[in-house]
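Here is how the chains run, residue by residue.
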Amino acid sequence: MNRPAQLLRLLRPEQWLKNAFVFTGIIFSKSWTDLPLLLNVIVVAIAFCLVSSSVYIFNDLLDVEQDRQHPKKKFRPIASGEVSESVAAGLASMLAVLGSLLGMNVSLLVFAILLAYMILNFAYSIRLKQIVILDVFCIATGFMLRIMAGTKGVGIPPSKWLILCGLMVTLFMGFAKRRAELMTLRGHREEHRKVLGNYSALLLDELIGITATGVIITYSLYTMSPDTVKIHSTNTLIYTVPFVI
């Protein structure tokens, strides 16, 4: 019980890849040669890894009884009894505090964004994940908070078109995920995720089409923005649009 391997699995490190969205600003602003700025962005990414892991643990604690009835989730560390609930709660609290302190070390805005991220996920776990469409917007907002932390949080002015493109990308991913779940689970969809009972394949196909179009339009406008042309010293980025499509 409470073995290091199980504690690590509880953190879901494979999900940390999502925090790569923090690097959006420094990549598209071509500021990666600014070492102090790059270090701040890395610290923000680490802070999000810690805070997001605390959120995953909180979710597992909240859903522990439901997970024990699930054919796959019953093998999760808390549901299976390999990690005690008290240890998991202590670990979640510690990660939340450490992540918040790291964020505060960068800026108060990053700290506020991390706090907003935790509050959003708390509300999502308690209620919002059961509300159709709003559940995907909550997921997208989590990604947008990562982008804002890696831009305004560290002093990089975000492009309005890039922000809108990021929103469209994350909504597209969220609706596509729901569509995949709908196809995979079919008759058992509500057992896996209650909100799936309120989705239909037709609705999701339409939402995917709308958000995919939004990605293409906003990215195209980003490539033609005068600020983008100035930063990248070229007006040929429009020719990268086919790769986005």
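These notes cover the structure that comes with them. (Residues numbered from 1 in each chain as written. Predicted model: local features only at pLDDT ≥ 70, side-chain atom pairs only at ≥ 80, totals over all residues. Heavy atoms only, no water.)

**Quick notes on the overall build of the protein chain**
In terms of regular secondary structure, the protein chain is built from 12 helices and zero strands. Scanning the protein chain from its N terminus toward the C terminus, one meets helices and strands in the order α-α-α-α-α-α-α-α-α-α-α-α. For a compact globule of 245 residues, the expected C-alpha radius of gyration is about 18 Å, and the protein chain comes in at 20 Å, within 12% of that figure. Oriented by its inertia axes, the alpha-carbon framework of the protein chain measures out at about 55 × 45 × 25 Å. Scored against the burial criterion, the 245 residues of the protein chain give a buried share of 44%. In the protein chain, the proportion of contacts linking residues at least 24 apart, taken out of those at least 6 apart, comes to 68%. Just so you have it, the protein chain exposes about 12,900 Å², and 68% of that area is on carbon and sulfur atoms. Each charge class in the protein chain can be summarised by its mean position, and for the 23 positive and 15 negative side chains these summaries are 3 Å apart. (Helix = DSSP H or I, 4+ residues; strand = E, 2+ residues; numbered from the N terminus. Rg over C-alpha atoms; globule rule 2.2 N^0.38 Å. Buried < 20%, exposed > 50% of the residue type's maximum accessible area, 1.4 Å probe, protein only. Contact = heavy atoms within 4.5 Å. Areas by Shrake-Rupley, 256 points an atom, 1.4 Å probe, with all protein chains shown as cover. Lys, Arg positive; Asp, Glu negative; His and termini not counted. Charge placed at Lys NZ, Arg CZ, Asp CG, Glu CD.)

**A short note on the pattern of salt bridges**
In this structure the tally under the stated criterion is four salt bridges. A cluster of three or more residues bridged by salt bridges with shared partners is formed by Asp-135, Arg-178 and Glu-181. (Salt bridge = Lys/Arg side-chain N within 4 Å of Asp/Glu carboxyl O.)

**A short note on helix α7 (residues 134–149)**
Counted at 1.5 Å a residue, the expected span for α7 with its 16 residues is 22 Å, and the 22 Å between its end C-alpha atoms agrees. Here α7 has its buried residues at Asp-135, Val-136, Cys-138, Ala-140, Gly-142, Phe-143, Met-144, Leu-145, Arg-146, Ile-147 and Ala-149. (Expected span 1.5 Å × (residues − 1).)

**Quick notes on unusual backbone geometry**
You will see that Lys-30, though not glycine, has its phi angle at about 55°, which is positive. Note that Lys-30 resides in the loop between α2 (24–28) and α3 (35–62). Within the chain, Ile-133 stands out as a residue other than glycine whose phi angle is a positive 70°. On the accessibility criterion, Ile-133 (28% relative accessible area) is partly exposed.

**With respect to helix α5 (residues 85–106)**
When the terminal C-alpha atoms of α5 are compared, their 32 Å separation across 22 residues agrees well with the 32 Å that a helix rising 1.5 Å per residue should span. For α5, the complete set of buried residues consists of Ala-88, Leu-91, Ala-92, Leu-95, Ala-96, Gly-99, Ser-100, Gly-103 and Val-106. Take α5 and look down its axis: the buried residues cluster within an arc of 160°, on one side only. Turned more than 90 degrees off the buried face of α5, the exposed positions are Ser-86 and Asn-105. (Arc of directions from axis to C-beta.)

**Quick look at the packing of aromatic side chains**
Here the structure, examined in full by the defined rule, presents five aromatic pairs. Summarising the aromatic geometry, the rings of Phe-21 and Phe-143 are spaced 4.8 Å apart at their centres and angled 55° between planes, so their arrangement reads as tilted. With Phe-21 in the loop between α1 (4–11) and α2 and Phe-143 in helix α7, this pair connects stretches of sequence that are 122 residues apart. With a centroid separation of 5.8 Å and 80° between ring planes, the pair formed by Phe-28 and Tyr-222 is classed as edge-to-face. (Phe/Tyr/Trp six-rings, centres within 6.5 Å; stacked < 30°, edge-to-face > 60°.)

**So, the packing of α1 against α5**
Between α1 and α5, the shortest axis-to-axis distance is 12 Å and the interhelical angle comes to 55°. Accordingly, the angle class assigned to the pair α1 and α5 is oblique. Classified by chirality, the crossing of α5 by α1 is right-handed. Every residue of α5 that contacts α1 at Leu-7, Leu-10 and Leu-11 is listed here: Val-87, Ala-88, Leu-91 and Leu-95. Residues that form the contact of α1 with α5 fall into these classes: seven nonpolar, no polar and no charged. (Axes fitted to C-alpha atoms, helices over the stretch in contact; angles between N-to-C directions. Parallel < 35°, antiparallel > 145°, perpendicular 65-115°, else oblique. Left-handed = near helix turned anticlockwise from the far one by under 90°. Nonpolar A, V, L, I, M, F, W, Y, C, P; charged D, E, K, R; others polar.)

**With respect to the environment of Leu-50**
Of note, Leu-50 is situated in helix α3. Remark: the alpha-carbon pair of Leu-50 and Leu-95, spanning 45 residues in sequence, is separated by 5.2 Å.

Nothing here speaks to function; it is all geometry.
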